[in-house]
Amino acid sequence: MDPLRMSHLSPRKKRPRQTGALTASSPQDIKFQDLVVFILEKKMGTTRRAFLTELARRKGFRVENELSDSVTHIVAENNTGSDVLEWLQVQKIQASSQPELLDVSWLIECIGAGKPVEMTGKHQLVVGRDYSDSTNPGPKTPPIAVQKISQYACQRRTTLNNFNQIFTDAFDILAENCEFRENEDSCVTFMRAASVLKSLPFTIISMKDTEGIPCLGSKVKGIIEEIIEDGESSEVKAVLNDERYQSFKLFTSVFGVGLKTSEKWFRMGFRTLSKVRSEKSLKFTRMQQAGFLYYEDLVSCVTRAEAEAVSVLVKEAVWAFLPDAFVTMTGGFRRGKKMGHDVDFLITSPGSAEDEEQQLLQKVMNLWEKKGLLLYYDLVESTFEKLRLPSRKVDALDHFQKCFLIFKLPRQRLDSDQPSWQEGKTWKAIRVDLVMCPYERRAFALLGWTGSRFERDLRRYATHEQKMILDNHALYDKTKRIFLKAESEEEIFAHLGLDYIEPWERNA
Ligand code: CTP
Ligand code: MN
Ligand code: MN
C-alpha cells in the first residue's frame, strides 16, 4: 500500500448498535469505588466501546453508559482534548467535578494491570486551544489542565504506537532527502516534526489539531495541510521520483557506503548497484566488499527471534572469558522494535582489570573466527580518556572500544522458522555492533546506545536547559564544575531534572 494514501482517515462503516454488553455492573463487583469512567463512543465505535466496557467491568471498574456529573474519568480514542471538550459542550450535562480527559491507552493499561494505573502526560489528552473564552456561548465546560507538549523529545513519551504515520513517513522521507543533500537545517526541521508527531496520543485530522504543538513551522504545517486535503504531499512525491534520492537510497543501503561514496558514484553516472559492482576501475573498501557479498541478507531486516539467537551466542562467547560481564541488547530492539537493521550490544564487567577488558572483543572475534561464525569484523580501539569533558556535539561518536561485524547465524540456532529465510538456506548474515565500556560508565553508555532522536534531544536539553554536558561517557555540570556520577539511567534523568522515560517510550 502507498504509505502516503490516507486510507485510515476514511470514515468508518457504521455497525449495528450493540447494547447487550452495556449493562451496568452490580455495586459489589466494583473494586475501585472512587473512579467513575465514561467511554466516548465518537470515533471509537459501538463495538469497541462495548468490548472495552465489558473488559473494564470484569476487572472491577465502574464504567457508566451515560455521561453524568458523577463521571470522574472520560476516556476517548483518536480524539484530541479539543475534540472531547467540543463534544462535552454540546451535551446537556454539566460535570460538576473536573473529569480527567484520557486517551484509551490509559484504560487499556488499567485493564492489563487489573487496577488503576497512574495517569501521566502520555495518557492525558492535549487541549490545543484556550476554551476559557467568556464570549463563548453554550454550557461551560470544566476547566481542564492544559498539557503543554515539550519541544524536547526527552520530555515526551514516544512509543511505537504511531497515530500519525501518514505524516511521519512523509517527514522522514523529506529529512532523509535533506541529509542526502547535506542540508542540515532542513533535515533537523523535518526530523523534529516527525519526532513530535510520533509522540501524539491522537491522529491529526484537521489543522486545528496542530495548534499548540511545537516544532511545526509554516513549511511543515503546509505539508500537513496538503496531506490532510489531498492524501499525499507533492513534495514527497517529487522526492520519491528524484534520481538523486533514489540513487543515494540504494547506494547507502550497502554496508560501508556513506554519503561521500554515494556522491562519488552518483557523479560518475551510476544509478544501479550491478553497474557499480561490475565497474573495474572502482576500488572498494573491505567493508564495502562484505556489504556487496552479503547484500541480500543485510537489507532484509533482522527479526527479534534472530536478534535473540545472536544474543545467546554473544553471551556464551563473552562469558567464556569474563564470566561476570553484563551483556545488554541496546539500540532499536531495547526500544521494543520488532525489526532492526542490526543488533547492538553493550558489554561491561565489574570485576575485570583494564587489560582483561581491553582484550575481550579480540578474544571473542578469535573464538568466532575459529568456529566459522564470523563473516567480517572491524575492531575499533578505545580513544577514551578519563578526564575528557563530554562532547558538546549532539551526534558525536563515542570513544569506547567497539566492533562492527557481520555474524554468520546458523539456522539451527533459531527456535522457530523465519519468514525471511529461503528454503535450503543454512545461515544468514547479520550485522552486529558490540561496545565495551568501563563499568562505571555503563549507565551513560546504555543511555547513548539505546538511541533514537531521543538521545540527541537529551543532550540538547542538558546543554540549553541545565548548563550540563551529556554524552555516551559522562555528565558534566558546568555550573558546579563537577562530573555527576550515575549507576543507572534513572539517576541520569534525575540529575537532569527529568521524569524517567522508559526505553520503549524513546522511539522519537
Ligand atoms: N551509536 C553510537 N556510535 C556509533 C554507532 C551507533 O553511539 N558509531 C549509537 C547511536 O547513537 C544509536 C545507537 O547506537 O543511538 C543505535 O544505533 P543504530 O544501530 O544505528 O540504530 P537503531 O536505533 O538500533 O536502529 P536499527 O534498528 O535500524 O538498528
Ligand atoms: Mn541497531
Ligand atoms: Mn548499530
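What you see is a predicted model, and the numbers here were worked out from it, not measured in a lab.

A. Molecular detail of the coordination of the manganese ion (ligand 2). Protein coordination at the manganese ion (ligand 2) comes from Asp342 (OD) and Asp344 (OD), with a distance range of 2.0 to 2.1 Å. A spacing of 3.5 Å is found between the manganese ion (ligand 2) and the manganese ion (ligand 3), which share aspartate 342 as a donor. We classify aspartate 342 as buried; its relative accessible area is 6%.

B. Quick look at the sheet that holds strand β6 (residues 326-329). The strand order across the open sheet formed by 5 strands is β6-β8-β11-β10-β9, and the pairing between neighbours is mixed. Sheet topology places β6 and β9 (374-380) at the edges, where each strand pairs with a single neighbour. Each neighbouring strand pair of the sheet contributes to a mean axis angle of 20°, computed without reference to strand direction. The strands touched by helix α16 (residues 442-450) within the sheet are β6, β8 (343-348), β10 (401-410) and β11 (427-436), with β8 carrying the most contacts at an inclination of about 175°.

C. Just the coordination of the manganese ion (ligand 3), in detail. Those donors, Asp342 (OD), Asp344 (OD) and Asp433 (OD), are the protein atoms that reach the manganese ion (ligand 3), and they lie 2.1 to 2.3 Å from it. Each donor residue of the manganese ion (ligand 3) lies on the same chain, and together they follow the pattern D-x1-D-x88-D.

D. Summary view of the confidence of the model for the protein. When pLDDT is averaged along the protein, the result is 89; 88% of the residues meet or exceed 70. Every residue in residues 1-22 is under pLDDT 50, and counting partners more than four places away or in other chains gives 40 contacts.

E. The arrangement of the pattern of salt bridges in detail. Using the criterion set out here, one finds 30 salt bridges in the structure. Close ionic contact of arginine 157 with glutamate 505 constitutes a salt bridge, the shortest N to O distance being 2.9 Å. Here arginine 157, found in the loop between α3 (104-113) and α4 (165-180), pairs with glutamate 505, found in the segment after α18 (489-495); they are 348 residues apart in sequence, far enough to count as distant. Residues glutamate 263 and arginine 267 are paired through a salt bridge, measuring 3.0 Å at the closest nitrogen-oxygen approach. Linking glutamate 263 with arginine 267, this pair stays in helix α9 (residues 259-267), spanning 4 residues, or about one helical turn. Through salt bridges with shared partners, one network takes in Lys43, Asp83, Glu86 and Lys208.

F. Molecular detail of the nonpolar core. Grouped together as the largest cluster of nonpolar side chains are 41 residues, with contacts concentrated most on Phe171 and Leu197. Looking at this core, the elements with two or more residues in it are α4, α5 (184-198), α6 (218-230), α7 (234-241), α8 (243-251), α9 and α10 (273-277). Per element, the largest residue contribution to this core is 9 residues, and it comes from α4. Beyond its immediate chain neighbours, meaning those up to four positions away, phenylalanine 171 contacts Phe190, Ala193, Ala194, Leu197, Val220, Ile223 and Ile224. Ala325, Leu360, Leu374 and Leu414 belong to the second-largest nonpolar core, a separate cluster that totals 36 residues.

G. How the structure looks around the packing of aromatic side chains. Under the criterion given, the structure shown has 18 aromatic pairs. Geometrically, the ring pair formed by phenylalanine 255 and tyrosine 376 is edge-to-face, given 5.5 Å between the ring centres and 85° between the ring planes. Residue phenylalanine 255 is found in the loop between α8 and α9, and its partner tyrosine 376 is found in strand β9; the two are separated by 121 residues along the sequence. The interplanar angle of 80° and the centroid separation of 5.0 Å between the aromatic rings of phenylalanine 493 and tyrosine 500 together place this pair among those described as edge-to-face. When its relative accessible area of 1% is taken as the criterion, phenylalanine 493 is described as buried. When its relative accessible area of 21% is taken as the criterion, tyrosine 500 is described as partly exposed. Members of the aromatic cluster, joined through ring pairs, are Phe180, Tyr245, Phe248 and Phe266. When the ring centre of tryptophan 421 is taken as origin, the NZ or CZ atom of lysine 425, which lies over that ring, is 5.8 Å away. Against the face of tyrosine 439 rests arginine 442, its NZ or CZ located 3.8 Å from the ring centre.

Each value, and the rule that gives it
Chains are numbered independently. Their residues run from 1 in the order of the written sequence. Starting at A for chains and at 1 for ligands, labels are handed out in the order in which the entities are written. Note on the predicted model: pLDDT of at least 70 is required for a residue's local features to be given, and 80 or more for side-chain atom pairs to be given and counted; whole-chain, interface and lining totals, by contrast, use all residues. Side-chain measures were taken over the full set of non-hydrogen atoms in the model, leaving aside hydrogen atoms and water. Note on donors: an N, O or S atom is included if it sits within 2.8 Å of the metal, or within 3.2 Å for Na, K and Ca, and water is never included, so sites can look incomplete. Under the scheme applied here, a residue whose accessible area is under 20% of the maximum for its type counts as buried, over 50% as exposed, and between as partly exposed, the area being computed with a 1.4 Å probe on protein chains only. A pair of strands is labelled paired if DSSP reports no fewer than 2 bridges between them. Each helix is a run of DSSP H or I of at least 4 residues and each strand a run of E of at least 2, with the numbering of both proceeding from the N terminus. Comment: axis = line fitted to C-alpha atoms, over the contacting stretch for helices; angle = value between 0 and 180 degrees taken between N-to-C directions. Contacts: residue pairs with any heavy atoms within 4.5 Å of one another. Summary of the metric used: pLDDT quantifies the predictor's per-residue confidence within the range 0 to 100. A side-chain nitrogen of Lys or Arg and a carboxyl oxygen of Asp or Glu constitute a salt bridge if their distance falls within 4 Å. Grouping buried Ala, Val, Leu, Ile, Met, Phe, Trp, Tyr and Cys residues that are joined through side-chain atoms within 4.5 Å yields what is termed a nonpolar core. Stacked, tilted and edge-to-face pairs are distinguished by plane angle, under 30 degrees for stacked and over 60 for edge-to-face with tilted covering the rest, among Phe, Tyr and Trp rings (Trp via its six-membered ring) whose centres lie within 6.5 Å. The criterion for a charge sitting over a ring is simple: Lys NZ or Arg CZ within 6 Å of the ring centre, and within 35 degrees of the ring normal.

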